[in-house]
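Spelled out from the first residue to the last, the chains are:
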Amino acid sequence: MFRLKIISFLVFLFSVFSFSQDSLEQVSPEKFQNQILRSERLKKIAADSSRSKEQREFANAAVLYYSGNFEEASKQYESLLNQNDSLAGSILLRLAEIHLQSKNFTELRKTLFRAGNFLTTASWERKALYLRTKASLLDSTLSESDKVDSTALFLNQFPKSSEATEIRFQYAKYSEAIGNKKQAKKAYLRVLAAGYNPEDSTFNAVRRLRTDSEEETVEEKWAYTQIVCKNGKPEECLSLIDSVLALDSLNAMPKDSILETAEDSLLFKLPPSHFDLETRKKIWEKRAVALRGAGKTEESYKQFRFLIDSVETKALWIQSSIKLLRKDEEKNSKEIAKLDSLLEEINKFGNENANNLWLRGFEFEQKKKYKQAIECYKKLNHAKFKSNKKRQWALFRIGLIYLKQNNYEQAAKTFEEASKLPFTWSASGARMFLGDSYLALGNDSLARKAYLDCIKDFPLGYYAHRSREKLLTANLLPKENIPLAKGTPLSEKETLQWIQKQQKRPGSFSNTTFLNVQKLLDYGFVENALELFQTDYAKNSKRLDFLYAYGNLFLEANEVAQAYRLARAFQNRIDRKVLADAPVSVLRFLYPLPYKERVFEKAGSAIDPYFVYSVMRQESIFDFQITSPVGARGLLQIMPATGKTLAELEGIQNFEPDNLYNAYLNIRLGIRYLIDLKQEYNNDYMYVLGNYNAGPKPAKRWQKAGEGLSWDLRAEDISYWETRDYVKRVMGNYWIYQEIWKGSL
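Heads up: these notes are all about the structure in this document. Keep in mind the model is a prediction, meaning the values are calculated, not measured.

Details of the pattern of salt bridges
Phase 1: What the rule picks out here adds up to 56 salt bridges.
Phase 2: A salt bridge links Arg-305 to Asp-309; the nearest nitrogen and oxygen atoms lie 3.0 Å apart. Taken together, the positions of Arg-305 and Asp-309, both in helix 17 (residues 297-311) and four residues apart, correspond to about one turn of that helix.
Phase 3: We note a salt bridge from Lys-404 to Glu-365, for which the minimum N-O separation is 2.7 Å. Of this pair, Lys-404 sits in helix 22 (residues 389-404) while Glu-365 sits in helix 20 (residues 351-366), placing them 39 residues apart in sequence.

Below you can see the structure in the form of structure tokens.
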């Protein structure tokens, strides 16, 4: 007991003096989860006298391990090895990991050899071989050929494992080092295909090997070109495509040697080629896209027109041509009209024509050419477009036009029709605007009914909160009678009963596995816990009680991203209507407050912390390691250039883009950005979000265009589909956060 107290005291001292508030923001992203989130939780377990002695000892050892104090951690794990046979395999892997971090490769191999005394699993064997392979790669006494052999051994045994791509990269690297360039190039290409390209190293390796290797075939050059084009490098992509076409023309057979080609066939009309027709189409299409990406609008249009006129009247190519012409709509109006007609003729109910009709209708609407707009939306509302996203909002937009024209009777009739369509979100909006239409007609009773119907149908939605506001401001219901989304207080047992009542599958999931996962988390074997959870997830992923139980378990364990993935799955599976009276704990599970102390501290009184959470929930789904397709990073999805500017404003030195993956620094900079935008847009959250999502130019344009309009019309008239959707979702999050956590409008 005395020994345990001493160890606990040492861990406490280590935790107190290791990190200050600012230094927490400087912890490298790859260490953040372990050194901060996992360690903080395990420190509490180690200091909790209500826990068992064994539990506290394991938690102590894990704190030392996750904090990087490997020497002390190793001593503790060695002393714990014979205390719990069920954890022996996990302890040995942990000790091997410690030896790997300490670069004590001999001890690592000896430690894993000791597993012969214990029962092991296939999963354990994979992890052990992975550690041996990593040790071989770091061991300076081994030759490059040895490292090739070591990585090849792992890949032969576990070619589809989660670690395979990382190991294959190393295999390629050392194959190149020993001069086996063909083998290296092949491996690098597989790694690139799997999306593994740290700091462009894989891509640069392939480029280097192409330069050093013998002359490529046209097929090899085309394979490489596709990778370049996929990596978003339009100028280089374009150059490579042109070299592929040039090489192809040299190798192609002359027309008169092509057998059995009718003179009126497409192949006869096109220049001769080494490639088949489908490959040639892909090459020309990628060239058009690369030209567009390089800002060469006119040349891109010409390439698309060549495809349309000489190859195939493909809807996607027509739509792409129209988009390019719209950059100068006045000059190109006649050509746009021709292509519009062609698109409708060849692909009347396809996605491309739906997109085109929507774009035309919305542009007419913004220019107040309402008759033409309605014509476009009516065509788009045809049932043969089925559940196309643009079709879902077509009838809604017609109702909105009538509302803008103060034609409230026609608006009410249209919104009534739109509210009955099987489209969740647009139907919800139609219900709310139906209430607005009736209110304008002076029919308070029908307005009240429409607003309540909107709340009942989608209680956690954006339009539901707006309906609650309207019931209050129009004095249609006393405040205490307005149905808020604040939840029903229930005990843990009652909550579980409520959840099981909502799910279709009877019975329950394995409590034994759940308790084992919980034990592994509490004992500090988080990676093992997550892997064990996955074995149970496949057969229980549709069970609400499973998602709720594990989601809360991971949330309590500071595994926030994993927890929220389960919360999202829960919300997607449950009937949205029952959430109106859901238990409080269920609603708070769906709208959590991770990093609460940090968020509330940095927000202070300058911005509502619930607004910060609404942005975080939408931007990153609470995953601090996430990266967007355009390069935004971390919890609040900050672009590197913006992060650098914010860091300078905050007096943070030596900023690097990857620092944005530190959750605490991301929260600090993201909140600073939101506060600055809030001041810039005079506390108007709509355009704060518009700027956050689309940038300042469109946000300023929307703000100017929306002067004098109601909140609801301003939101619906944001011209970017993604931003309009984003603003409504984030504001919906915000209002629901307030209702759930503050219990008020």
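Description of the state of the cysteines
Phase 1: According to the stated counting rule, one finds one disulfide in the structure shown.
Phase 2: A disulfide bridge connects Cys-229 with Cys-237, and the sulfur atoms are separated by 1.9 Å. Handedness of the Cys-229-Cys-237 disulfide follows from its S-S torsion of about 85 degrees: it is right-handed. Taken as a pair, Cys-229 and Cys-237 share a single burial class, namely buried.

As for helix 36 (residues 663-680)
One turn of an α-helix holds 3.6 residues; hence residues three or four places apart share an orientation.
Phase 1: Given a rise of 1.5 Å per residue, 18 residues ought to cover 26 Å, and the 25 Å separating the end C-alpha atoms of helix 36 matches this to within 8%.
Phase 2: Burial of helix 36 is extensive: 13 of the 18 residues sit out of reach of the surface.
Phase 3: The N-cap of helix 36, judged by a side-chain oxygen 2.9 Å from the amide nitrogen of Tyr-664 a few residues on, is Asn-662.
Phase 4: Downstream of helix 36 by a residue or two, Asn-682 has a phi angle that is positive, lying close to 50 degrees.

Details of the packing of aromatic side chains
Phase 1: As enumerated under the stated definition, the model contains 50 aromatic pairs in all.
Phase 2: Relative to Tyr-188, the ring of Phe-169 lies with its centre 6.0 Å away and its plane at 65 degrees, an arrangement referred to as edge-to-face. Taken together, the residues Phe-169 in helix 10 (residues 164-177) and Tyr-188 in helix 11 (residues 181-193) connect sequence positions 19 residues apart.
Phase 3: Aromatic rings pair up to connect Trp-393, Phe-396, Phe-415, Trp-425, Phe-433, Tyr-462, Tyr-463, Trp-711 and Trp-735 into one cluster.
Phase 4: Sitting over the ring of Trp-721, Lys-390 keeps its end group 4.6 Å from the ring centre.
Phase 5: Above the plane of the ring of Tyr-523 lies Lys-519, whose end atom (NZ or CZ) is 5.4 Å from the centre.

Focus on the nonpolar core
Phase 1: Of all hydrophobic cores here, the largest spans 171 residues; its most connected members are Tyr-77, Tyr-550, Phe-570, Tyr-595, Phe-611 and Met-731.
Phase 2: Each residue touching Tyr-77, except ones within four places of it in the same chain, is listed here: Phe-58, Ala-61, Ala-62, Tyr-65, Ile-91, Arg-94, Leu-95, Ile-98 and Phe-525.
Phase 3: Leu-137, Leu-238, Leu-247 and Leu-291 belong to the second-largest nonpolar core, a separate cluster that totals 38 residues.

Here's the deal with the side chain of Glu-352
Phase 1: In this fold, Glu-352 is placed in helix 20.
Phase 2: The charged side chain of Glu-352 is buried without a salt bridge, its nearest counter-charge being Lys-314 at 7.9 Å.
Phase 3: Only 2.9 Å separates the side chain of Glu-352 from the side chain of Asn-347, close enough to count as a polar contact.
Phase 4: Those residues in contact with Glu-352 that lie beyond four places of it in its chain are Ala-315, Leu-316, Gln-319, Leu-343 and Asn-347.

Reading the values: the criteria
Residues numbered from 1 in each chain as written. Predicted model: local features only at pLDDT ≥ 70, side-chain atom pairs only at ≥ 80, totals over all residues. Heavy atoms only, no water. Salt bridge = Lys/Arg side-chain N within 4 Å of Asp/Glu carboxyl O. Helix = DSSP H or I, 4+ residues; strand = E, 2+ residues; numbered from the N terminus. Disulfide = S-S within 2.5 Å. Buried < 20%, exposed > 50% of the residue type's maximum accessible area, 1.4 Å probe, protein only. Expected span 1.5 Å × (residues − 1). Polar contact = N/O pair within 3.5 Å; in protein donor to acceptor, adjacent residues only side chain to side chain. Phe/Tyr/Trp six-rings, centres within 6.5 Å; stacked < 30°, edge-to-face > 60°. Lys NZ or Arg CZ within 6 Å of the ring centre and 35° of its normal. Core = buried A, V, L, I, M, F, W, Y, C linked by side-chain atoms within 4.5 Å. Contact = heavy atoms within 4.5 Å. Lys, Arg positive; Asp, Glu negative; His and termini not counted.

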